Amino acid sequence: ETWLEMTRQHYASSNWSDCLIAAEQSIRLDPSNAEVHLMRASAFMALRQFPEAAASAQKVVVLAPDNAEVRIFHARCLMALKQFGDAIPSAQAAVQLAPNWAESHLILGACLKRADRVDESEAPLSSAIKLNPNAYEALNDLADIHIARGDAASAVDCLRRSHEIKPFNLDAMSGLCF
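Here is what the cut-offs are and how they apply
Each chain carries its own residue numbering, running from 1 in the written order of its sequence. Residue-level local features of this predicted model are given only where pLDDT is at least 70; pairs of side-chain atoms are given and counted only at 80 or more, and the full residue set underlies all totals for whole chains, interfaces and linings. Side-chain metrics rest on all non-hydrogen atoms present in the structure, leaving aside hydrogens and water. We count a stretch as a helix when DSSP gives it H or I for four or more residues in a row; a strand needs E for two or more, and each element gets its number in order from the N terminus. For every residue, the accessible area obtained with a 1.4 Å probe (protein chains only) is divided by the maximum for its type, and the residue is called buried under 20%, exposed over 50%, and partly exposed between those limits. Contacts are residue-level and defined by heavy atoms, with any inter-residue pair within 4.5 Å sufficient. For this analysis, a ring pair means two rings from Phe, Tyr or Trp (six-membered ring only for Trp) whose centres lie within 6.5 Å, classed as stacked if their planes differ by under 30 degrees, edge-to-face if by over 60, and tilted for the remaining angles. Given a helix with a known number of residues, its expected span is that number minus one, times 1.5 Å. Taken from the helix axis, the directions to the C-beta atoms give the arc we talk about. Polar contact is defined as a pair of N or O atoms within 3.5 Å, subject to the rule that within protein one atom must be able to donate a hydrogen and the other to accept it, and that residues adjacent in sequence are counted only when both atoms are side-chain atoms. In plain terms, two cysteine sulfur atoms within 2.5 Å form what is called a disulfide here.

(A) Representation of the side chain of His37 in the model. With respect to the secondary-structure elements, His37 resides in helix α3 (residues 34–46). By relative accessible area, His37 is classed as buried at 4%. Setting aside anything within four residues of it in sequence, one finds His37 in contact with Ile27, Pro31, Ser56, Lys59, Val60 and Leu63.

(B) The packing of aromatic side chains, seen in detail. Scanning all chains against the criterion turns up 1 aromatic pair. Centroid distance Tyr11 to Trp16: 5.6 Å. Interplanar angle 75 degrees. Geometry classified as edge-to-face.

(C) Inspection of helix α8 (residues 118–131) at higher detail. Given a rise of 1.5 Å per residue, 14 residues ought to cover 20 Å, and the 20 Å separating the end C-alpha atoms of α8 matches this to within 8%. Buried within α8 are the following residues: Ser121, Pro124, Leu125, Ala128 and Ile129. The buried side chains of α8 occupy one side of the element, clustering within an arc of 145 degrees when seen end-on. What points out from α8, more than 90 degrees from its buried face, is the exposed set Asp119, Ala123 and Lys130. Next to the buried residues of α8 lie α7 (102–114), α9 (136–148) and α10 (152–165).

(D) A look at the environment of Arg71. Mapping Arg71 onto the fold places it in helix α5 (residues 68–80). Taking the C-alpha atoms as reference points, Arg71 and Ile107, 36 residues apart in sequence, are found 9.9 Å from one another. Setting aside residues no more than four positions away along its own chain, Arg71 makes contact with Val61, Pro65, Pro89, Ser90, Ala93, Ala94 and Leu97. Of note is the side chain of Arg71, whose polar atom sits 3.2 Å from the backbone oxygen of Pro65.

(E) How the structure looks around the state of the cysteines. Under the criterion given, the structure shown has 0 disulfides. You can see Cys19 has no disulfide; the closest cysteine sulfur is in Cys77, sitting 14 Å from it. The class of Cys19 is buried, set by a relative accessible area of 0%. We note that Cys77 lacks a disulfide partner, and the nearest cysteine sulfur, in Cys111, lies 11 Å from it.

(F) Molecular detail of unusual backbone geometry. One non-glycine residue with positive phi stands out, namely Ser14, at about 60 degrees. With a relative accessible area of 43%, Ser14 lands in the partly exposed category. Phi at Arg48 takes a positive value of approximately 60 degrees, unusual for a residue other than glycine. Relative to the assigned elements, Arg48 resides in the loop between α3 and α4 (50–63).

In structure tokens:
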């Protein structure tokens, strides 16, 4: 059994600590294997070791720059560190690489909103909803934008739609109650 196979097994069984150990050995043998770096980054994320996850994800971006899923994951890692502005380039790349994926637009809109670029965030969030009408996270973020603009009716509409999609969605529930 190779280190790569062990990394895959531990990853598949969500055994994150052993996944990291096996990934380290696998990377030592083949530092250009993007799959192993991605499994390593995922393990770090699962263990809430966000700086390590972001650093590993950056290595995956270098190895697989044209992979939209990698770009989305990298942006999520940076968002976990609250480095929203730094996450924007990966999110933008994801939209360029996968313009028909709702998740790429959602991540870009979320990064822009959290980086205080609210006016720029509305278009990608709206695109996410057009591509996936069940994108309740995008509806929640759009509701925040409408509230900031003083458009309570649109905010309530977004929150109601979000709550219908995911009834136990705390963001929507609290927004509708308060």
